[in-house]
Each structure stands twice: as structure tokens, then as C-alpha cells.
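Here's the letter readout for the chains.
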Amino acid sequence: GFEALIRWHHPERGLVPPAQFIPMAEECGLIVPLTDWVLHEVCRLLKAERDARRSPLPISINVSPSQLMHRELKDFIKISVGDFGTGYASLSRLVRLPVNILKIDRSFVDELPSDSGACEIVTAIVRAAKALDLTVVAAGVENGAQARFLADLGVTTVQGFLYSHPLPPEKAFRLAEARVG
């Protein structure tokens, strides 16, 4: 599957990282229309794939926690907690939100398997997720040693530069098509 990540190409400043413009969008109330635009774009892409008689892979979309309270949104999507263990993504969120998937933050994966502390934390996260019957996704997998460590824990869904760098949607779909077909 894929993760849809928004990028802002400013005409004068160049590429503005999401860490800079997403908090501003949340503060000034633009996060809802921005997320709506991303949702519509992803749906448009999936429809185009289906119209071309291809079976598109799932696409995950980052959504602000405040948007999850909109009933119509949470009724038709599976919810995952991204960047688990950092910021707003804490254990308390797991019991308050209708979560299906737990995504381990890349900051923990970066240190695998050489850092024993990171190994213990990731092992504990995976055990907690399994106890809560959640699917686990590991972000930021960049080498085979990390992938093997996660596979040994039973993590079957991973993402990171080991598999692909960010791509525009059309190239991502063709890459997936070439790997599957």
C-alpha cells in the first residue's frame, strides 16, 4: 500500500516541509479543507486506477486528531495511530479512539537493531498492539537489519526508503504494478 503525503512547493521558498505548514494550517483552521482536498485527490487517483481496470493498493492518509471527531469521517475509514510513542500518539489515544492500526514512529526504528533500548521499546509496542488486536506498521525502515528485526517480531507491514523513496502517485502505482505483476 501507500501513504499519501502532502508537499508544498512555494514559488519563492521552494519545498516547505509539512512540519512547518501543517501546524499553521491547524492553528488558522485550514486543516479541514486541506485534508478534504487530500481525501478527494486520493479518491480521484483510486477511481482512475479502477477505471483503467487496475486493482489499486490501499492508501493511508494522515488526518488531524480533531477531524476524527467528525462522525461521517470515522464511520467510513479504518483508523491508525501514526508516529506512535511521540507527540499526541500515546497509550491514552489507543483507548479513546476507534483505532485499528498502530504505526511505530521512525525514531524508534532508526536505532534498530543495534540499540537495546530501542529494541525493548519496539518489542513492547508490538506486544501491546497484538494484545489490543491492532495491526502494526513500522515507519522508517531503511536497511535489511531493521526489516529482519521487525519481521522476527511478527511485524508484516513496513514502510521506508528500503522499499522506495517518495514518488508522485502515478510513478508509485506503476512501481507497485511492476513489483506485483
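If you're wondering where the values come from, they're calculated on a predicted model, not measured in any experiment. (Residues numbered from 1 in each chain as written. Predicted model: local features only at pLDDT ≥ 70, side-chain atom pairs only at ≥ 80, totals over all residues. Heavy atoms only, no water.)

Participant: Would you mind showing me how to read the side chain of His-10 here?
Facilitator: Within the secondary structure layout, His-10 lies in strand E2 (residues 8–10). Looking at His-10, the relative accessible area reads 19%, which means it is buried. For His-10, the side chain forms a polar contact with the main-chain nitrogen of Glu-12, separated by 3.0 Å. Only 3.0 Å separates the side chain of His-10 from the backbone nitrogen of Arg-13, close enough to count as a polar contact. (Helix = DSSP H or I, 4+ residues; strand = E, 2+ residues; numbered from the N terminus. Buried < 20%, exposed > 50% of the residue type's maximum accessible area, 1.4 Å probe, protein only. Polar contact = N/O pair within 3.5 Å; in protein donor to acceptor, adjacent residues only side chain to side chain.)

Participant: Looking at this model, I keep getting lost on the nonpolar core. Mind explaining?
Facilitator: Most often, soluble globular proteins keep nonpolar side chains buried together rather than apart. Grouped together as the largest cluster of nonpolar side chains are 21 residues, with contacts concentrated most on Ile-104, Val-109, Leu-112, Val-122, Val-126, Leu-150 and Val-155. Broken down by secondary-structure element, the contributors of at least two residues to this core are strand E6 (101–104), helix H5 (106–109), helix H6 (116–131), strand E7 (135–138) and helix H7 (144–153). Top element by residues in this core is H6. It accounts for six residues. The residues contacting Val-109, other than those within four sequence positions of it, are Ile-104, Ala-138, Ala-139, Gly-140, Val-141, Gln-146 and Leu-150. (Core = buried A, V, L, I, M, F, W, Y, C linked by side-chain atoms within 4.5 Å. Contact = heavy atoms within 4.5 Å.)

Participant: Mind showing me how you'd approach the side chain of Asp-105 here?
Facilitator: Relative to the helices and strands, Asp-105 is located in the loop between E6 and H5. Although buried, Asp-105 forms no salt bridge, and the nearest oppositely charged side chain, Arg-106, lies 6.8 Å from it. In terms of polar contacts, Asp-105 uses its side chain to reach the side chain of Ser-107, at 2.4 Å. (Lys, Arg positive; Asp, Glu negative; His and termini not counted. Salt bridge = Lys/Arg side-chain N within 4 Å of Asp/Glu carboxyl O.)

Participant: I keep staring at the layout of surface pockets and nothing clicks. Help me out?
Facilitator: In this approach a probe as big as a water molecule rolls over the atoms, and the regions it shows empty are the leftover space. A volume near 170 Å³ is recorded for the second largest pocket. Every residue along the wall of the second largest pocket is listed here: Ile-6, Arg-7, Trp-8, Phe-21, Met-24, Ala-25, Cys-28, Leu-30 and Leu-34. For the lining of the second largest pocket, the leading source of residues is helix H1 (residues 18–27), giving three residues. Considering only residue class, the lining of the second largest pocket consists of eight nonpolar, no polar and one charged. (1 Å grid on protein atoms, 1.4 Å probe; cavity = no way out; pocket = protein on both sides within 12 Å on 5 of 7 lines; lining within 4 Å. Points joined across faces, edges and corners; volume = space filled by probe spheres on them. Nonpolar A, V, L, I, M, F, W, Y, C, P; charged D, E, K, R; others polar.)

Participant: Hey, could you run me through the pattern of salt bridges in this one?
Facilitator: Between side chains of opposite charge, a pair can form as their charged atoms come close. Throughout the structure, instances matching the rule amount to nine salt bridges. One salt bridge in this structure joins Glu-142 and Arg-106, with 2.5 Å as the shortest N-O distance. Residue Glu-142 is located in the loop between E7 and H7, and its partner Arg-106 is located in helix H5; the two are separated by 36 residues in the primary sequence. Notably, a salt bridge pairs Arg-174 with Glu-177, separated by 3.7 Å at the nearest N-O pair. You can see Arg-174 and its partner Glu-177 sitting in helix H8 (residues 169–180), three residues apart, about one turn around the helix. By relative accessible area, which is 31% here, Arg-174 ends up partly exposed. By sharing partners, the salt bridges in this structure join Glu-49, Arg-54, Arg-174 and Glu-177 into a single network.

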